[in-house]
Each structure stands twice: as C-alpha cells, then as structure tokens.
Amino acid sequence: FAPTVAVPRNDRWGRTYEGYSEDPAIVARLAPELVKGLQGEPGRADFLGPQRVLSTVKHFLGDGGTEGGNNEGDNLATEEELRDIHAAGYVTGLEAGALTVMASFNSWHGTKMHGNRELLTVLLKEKWGFDGFVVGDWNGHGQLPGCSSASCPDALNAGLDMYMVPNDWKELYENTHAQARSGVISAERLDDAVRRNLRVKFRAGLYEAGKPSTRPQAGDESVLGAPEHRAVAREAVRKSLVLLKNEGGLLPLRRKQHVLVAGDGANDVGKQSGGWTLTWLGAGTERADYPNATTLWEAIETVVNGSGGTTTLAIDGAFDSEMKPDVAIVVYGEEPYAEGVGDRPHVDYQPGGRTDLAMLQRLGEAGIPVVSVFLSGRPLW
C-alpha cells in the first residue's frame, strides 16, 4: 500500500504528512522511485522477484485537494487541475510498473471515487491502459449511496476489482455472489475483475513461490533494523530536517557544555514517530514498546556526556538557578494522529494556550540560548 502520491494542497488536512510534497513535480519524481524500490524495475531479472513486494499507488484520485482539507471530503478541482496536479504521481508510478491502485475515500464534484466509473474504468483502465487491479480502501465502498460495507455492487460495476472489507467479508461475499447470479453485476465485469486479480498474482509469482515460511529471509529478524538500514534512515533524517533560522550562529552546538533538554517531545518515541506507529493513531504506546528506538533526550545525553559535557532533562523547562544551563534544547509539537483525526480548522499551533511558546520565551528571558525542535506533520504557526 505504497507509495502515497497525494498532492497535499491544504495543510489543515490530517494526512498531509503522508504525501511527498504540495508540488506535483516532486511527487511525480519520487513516486516511481518507491515503486521500483518495492517491485524492482521492469525488464530486469529481479522484477517482482522473491525479495520484492507489490506496490500500490494511492489514493486515486484527488485526496490531497479536498475543500477545506477535509479528509474524505469533496475535491472541486477542474479536470485540468485534477490531471496536472493530483494525477502526477499516478502517471509516473504506473509507468514504473505499479500493478495495483487504491481507490480514495474522497469525492470529485460530489461523486465518491469508489463509485466513479469515469475515473476508475474509463480513464484509468481504458484510456491509460492500466491492466492491474483496483483495490478499495477500508470499507470505502460502504460510503456509496445505497451501499453498506456488506453490500455494494455499484463499486464493482464502477471499476473496483478488490473490496477492502475487514469485518463484513462473509456477508459481502454472499451478497456479491447473489448480485452476480442475478445480473446486477455482469459476468463481463466480474470476469474482468477476476482476470485482473489473477494477472497480478501470476506476475508476482505467487503460485510458484511456495508458502511464505519457505521464501528467502523468512523468519530472519536480523534484517529488521539492520545497520545499513539504520544508516539510510539517519541520512534521510539529516536531509529532511528543516532549519528555519540560526540566530547568532548558535548551531552547531558545542558538546562540552551544560545542556538542558526540555519539552514533552524530548523523551517520547511515540511523539517523535507520529501516527501509524504501532497503532493506527500512534497513540497509547509506552517507551517499552520501542526497544530499538532512541529518544532525542537519550541521544543528546549520550553524545554530550560522552564528550565531557553534562545534561539535564526537565520536561517543563525548569532548572536550578545555581546550575544555569549553557543552552536549552526544547522539543515539542503535534500529538500523534492519523487520517481525519488530524484534520484541523486552521494552522495555528496551540491557539488556546501557548504553553510551549511560553516555555521558549521564559528560557529566553533568563538569558539561555534556545534551540527549538518542532515535531510536526506539516507547517504550523
């Protein structure tokens, strides 16, 4: 279920951080790279080989451009805007060989994507020539008028080839079976959906691959968090950090000094990681749930103390006046969220009570240089 090629055009949207950029050119450049990283490159020997997985470009189409940034809302873009902005990652992702596409929760001019035949069938399959399969999103078919999660022939007729139905699958199967027998779903459409699913599975070699337990690296936990993977992760973090300003040349910090580490994000792996981490919302976790992770506080403590400096952790920013720190690193930001739970009416951070800003100002007024680290899935004020 990657890459997400949404083009977020409104930072109030709770899925903003899932997209690569608000710039369709960047999305178009990055989408095929992840597709090739997952599946391999078409024409090469390892394409869809035993150490590869299928990719899914999602969510088709226009989820990043809904009115007000409302998750699952209505996209009112013109056809030209839908093509030039929101479809950019699909064009390049499918050219790179992606074999599955996920339908989106959103609507386009009032028509839910799970029931939009013009886009799922006429555009994607007929005009673009996509011969893989279209999978739905979590019970997304149930949002169509007259449908439920247990019954929705309109989605299949519109071009959905695989329902994503986590709970009511048995009822959906029975209802779809009856609808196919009665002609509500044509034999031609059913055959096409089955053919597409089988085609992708054959291309992926699933029928020759054997049980998952017999495949390369099965059960080999040493590949999880391998040193080379951690090195790539560190490189990605270094290159994706955004330095807004560096007044007085405070950064980079000298290690051999007394450092105060503050803020509720300083020693919280869950808050560092955000949504979709262990749980759907990334909430309700504890430090023990992340045995191989490092909090910012733990990292700073290791580096500074190992270099002859000293560190103190104080979430509220309090310090002993007799042990005034040379510098304070304050880590704060959004609480973890996912999907529509992260939708917000504005991009103002802590509008009701600016406690984090007050901490920064209090430390500054005490004459302590402050490094402010903001953990966020989007730009906020």
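Attention in this report is confined to the structure presented alongside it. (Residues numbered from 1 in each chain as written. Predicted model: local features only at pLDDT ≥ 70, side-chain atom pairs only at ≥ 80, totals over all residues. Heavy atoms only, no water.)

**Points about the state of the cysteines**
Note the threshold: Only a pair of cysteine sulfur atoms within 2.5 Å qualifies as a disulfide here. Any residue under 20% of the maximum accessible area for its type is buried, any over 50% is exposed, and the rest in between are partly exposed; the area is computed with a 1.4 Å probe on protein chains only.
For the structure shown, the criterion picks out one disulfide. Paired through a disulfide, C147 and C152 show a sulfur-sulfur distance of 2.3 Å. With the S-S dihedral at roughly 70 degrees, the linkage between C147 and C152 falls on the right-handed side. Taken individually, C147 and C152 each receive the classification buried, so the pair is uniform in this respect.

**Some details on the nonpolar core**
Heads up, the condition is: The nonpolar core is taken to be a set of buried Ala, Val, Leu, Ile, Met, Phe, Trp, Tyr and Cys residues, with the residues joined through side-chain atoms within 4.5 Å. In this text, helices come from DSSP runs of H or I with a minimum length of four residues, and strands from runs of E with a minimum of two, each type numbered from the N-terminal end. Should any heavy atoms of two residues lie within 4.5 Å, those residues are counted as being in contact.
Ranked by internal contacts, the top residues of the largest apolar core, which has 36 residues, are V57, F60, V101 and Y163. Elements supplying a minimum of two residues to this core: α1 (24–39), β1 (56–60), α2 (79–86), α3 (88–95), β3 (100–103), α4 (117–127) and α5 (153–158). Sequence-distant contacts of V101, that is, excluding residues within four places in its chain, are made with T56, V57, F60, Y90, L94, L124, F130, F133, V134 and V135.

**Brief notes about the packing of aromatic side chains**
Note the cut-off: Here a pair means two rings of Phe, Tyr or Trp (six-membered ring of Trp) with centres within 6.5 Å. Their orientation is stacked below 30 degrees between planes, edge-to-face above 60, and tilted elsewhere.
With the rule as written, the count across this model stands at seven aromatic pairs. Centroid distance F202 to Y207: 4.6 Å. Interplanar angle 40 degrees. Geometry classified as tilted. Accessibility expressed as a relative area gives 47% for F202, which makes it partly exposed. Taken together, a centroid distance of 5.4 Å and an interplanar angle of 45 degrees make the contact between Y332 and F374 tilted.

**A closer look at the environment of G284**
Turning to its location among the elements, G284 is positioned in the loop between α9 (269–273) and α10 (296–305). Owing to a relative accessible area of 79%, G284 belongs among the exposed residues under this scheme. For the pair G284 and G129, spaced 155 residues apart in sequence, the C-alpha to C-alpha distance is 44 Å.

**Here's the deal with the pattern of salt bridges**
Stated formally: By salt bridge we mean one thing: a side-chain nitrogen of Lys or Arg within 4 Å of a carboxyl oxygen of Asp or Glu.
For the coordinates displayed, the defined rule picks out 19 salt bridges. Residues E298 and R287 are paired through a salt bridge, measuring 2.9 Å at the closest nitrogen-oxygen approach. Of this pair, E298 sits in helix α10 while R287 sits in the loop between α9 and α10, placing them eleven residues apart in sequence. For R354, the salt bridge is made with D348, and the minimal N-O distance between the two is 3.0 Å. One connected set of salt bridges, linked through shared partners, spans K125, D161, R189, D192 and R196.

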